[in-house]
Amino acid sequence: DSGVTQTPKHLITATGQRVTLRCSPRSGDLSVYWYQQSLDQGLQFLIQYYNGEERAKGNILERFSAQQFPDLHSELNLSSLELGDSALYFCASSVGTNLAKNIQYFGAGTRLSVL
Amino acid sequence: SQQGEEDPQALSIQEGENATMNCSYKTSINNLQWYRQNSGRGLVHLILIRSNEREKHSGRLRVTLDTSKKSSSLLITASRAADTASYFCATEETGGGNKLTFGTGTQLKVEL
């Protein structure tokens, strides 16, 4: 058990809908990351938050947004869903921003199926 | 975008044999990490090697890093059926903050 909790485990929804994925980081971790894993794109970094502030942005669509709350949990909001958004969405957390040894701990993921 | 390629894409060996996976990347890095993923589940961190290190060991794992060739290898010795999983290398790029850029992965199958 990594200590990172993601809910829900599975989501099945229709095109055009909006969903929210939730992540609770490991106790004491200030950084939260979101990744998308799909068959055609592999594992892609979406966005990072550090202590409530956006720190880095990757290949995140404008239809997607995220935030980190004062209690450090994070939510990833996906809107106007398309079939191609079907994927595994992972949250990871790490202690901070030490570049030399920043180990990220991954949650079990949320499997999103857009029908 | 993917940082680089992993080779081989798939590897099937017998229990007790060694498994070697290679990873190539494209940019300057702070560190390179290896993760394991069991079918459709979360990624588990295995080992981290910093850009100024050449080799690192952890239990049955040995990682090498050649920054001049922008490549790394992961050796699993005396493999077990429980090692069956996908293995990914991930790089923390210099100037890229803490985000990880993952390779394409190697699917390892260890047969009894």
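Before reading further, recall that the structure is shown in the block above.
To keep things clear, this report deals only with the structure shown in the data block. Here the structure is a predicted model, which means the values were calculated and not measured.

**Some details on the overall build of chain A**
Then, in step 1: A tally of regular secondary structure across chain A gives zero helices and eleven strands.
Then, in step 2: Scanning chain A from its N terminus toward the C terminus, one meets helices and strands in the order β-β-β-β-β-β-β-β-β-β-β.
Then, in step 3: With the C-alpha coordinates of chain A rotated into their principal frame, the extents come out at 40 × 25 × 25 Å.
Then, in step 4: Relative to its full complement of 115 residues, chain A shows a buried share of 50%.
Then, in step 5: Accessible surface for chain A amounts to roughly 5,500 Å². Of this, 49% is attributable to carbon and sulfur atoms.
Then, in step 6: Treating the 9 positive side-chain charges of chain A as one cloud and the 10 negative ones as another, the clouds have centres 5 Å apart.

**Description of the packing of aromatic side chains**
The geometry of an aromatic ring pair comes down to the distance between the two centres and the angle between the two planes.
Then, in step 1: In total, this model carries nine aromatic pairs over all chains according to the counting rule given.
Then, in step 2: Relative to A:Y89, the ring of A:F64 has its centre 6.4 Å away and its plane inclined at 75°; by these criteria the two rings are edge-to-face. Of this pair, A:F64 sits in strand 7 (residues 64–68) while A:Y89 sits in strand 9 (residues 87–94); the two residues are 25 residues apart in sequence, bridging distant segments of the chain.
Then, in step 3: For A:F64, a relative accessible area of 6% puts it in the buried group.
Then, in step 4: For the pair B:F88 and B:F102, a centre-to-centre distance of 6.4 Å together with 85° between the ring planes defines the contact as edge-to-face. Separated by 14 residues along the polypeptide, B:F88 in strand 9 (residues 85–93) and B:F102 in strand 10 (residues 101–102) bring together distant segments of the chain.
Then, in step 5: An aromatic cluster is present here, built from A:Y35, A:F45, A:F90, A:F106, B:Y35, B:F88 and B:F102 joined pairwise through their rings.

**So, the side chain of A:D85**
All names here are of chain A.
Then, in step 1: Note on placement: D85 falls in the loop between strand 8 (74–78) and strand 9.
Then, in step 2: Among the polar contacts made by the side chain of D85, one reaches the main-chain amide nitrogen of E82 at a distance of 2.8 Å.
Then, in step 3: The residues touching D85, leaving out its near neighbours within four places in the chain, are Q36, L61, R63, F64, S80, L112 and V114.

**Here we look at the interface of chain A and chain B**
Then, in step 1: Residue-level contacts link 25 residues of chain A with 21 residues of chain B.
Then, in step 2: Taking both sides of the interface into account, the surface hidden between chain A and chain B amounts to around 1,800 Å²; carbon and sulfur atoms contribute 53%.
Then, in step 3: The interface formed by chain A and chain B holds zero salt bridges in total.
Then, in step 4: Summed over the shared surface of chain A and chain B, the result is seven residue pairs in polar contact (both at pLDDT 80 or more).
Then, in step 5: Secondary structure elements with two or more residues in the side of chain A that touches chain B: strand 4 (31–38), strand 5 (42–50) and strand 9 of chain A.
Then, in step 6: Its residues assigned to classes, the side of chain A that touches chain B shows eleven nonpolar, twelve polar and two charged.

**Regarding the sheet that holds strand 8 (residues 71–76) of chain B**
Then, in step 1: Across the sheet, which stays open at both edges, the five strands sit in the order 1-3-8-7-6 (chain B) with antiparallel pairing between neighbours. Two strands lie at the open edges of the sheet, namely strand 1 (6–7) and strand 6 (55–58) of chain B, each paired on one side alone.

About the thresholds
- Residues numbered from 1 in each chain as written.
- Chains lettered and ligands numbered in written order.
- Predicted model: local features only at pLDDT ≥ 70, side-chain atom pairs only at ≥ 80, totals over all residues.
- Heavy atoms only, no water.
- Helix = DSSP H or I, 4+ residues; strand = E, 2+ residues; numbered from the N terminus.
- Buried < 20%, exposed > 50% of the residue type's maximum accessible area, 1.4 Å probe, protein only.
- Areas by Shrake-Rupley, 256 points an atom, 1.4 Å probe, with all protein chains shown as cover.
- Lys, Arg positive; Asp, Glu negative; His and termini not counted.
- Charge placed at Lys NZ, Arg CZ, Asp CG, Glu CD.
- Phe/Tyr/Trp six-rings, centres within 6.5 Å; stacked < 30°, edge-to-face > 60°.
- Polar contact = N/O pair within 3.5 Å; in protein donor to acceptor, adjacent residues only side chain to side chain.
- Contact = heavy atoms within 4.5 Å.
- Buried area = accessible area lost by both parts, 1.4 Å probe.
- Salt bridge = Lys/Arg side-chain N within 4 Å of Asp/Glu carboxyl O.
- Nonpolar A, V, L, I, M, F, W, Y, C, P; charged D, E, K, R; others polar.
- Pairing = 2+ DSSP bridges.

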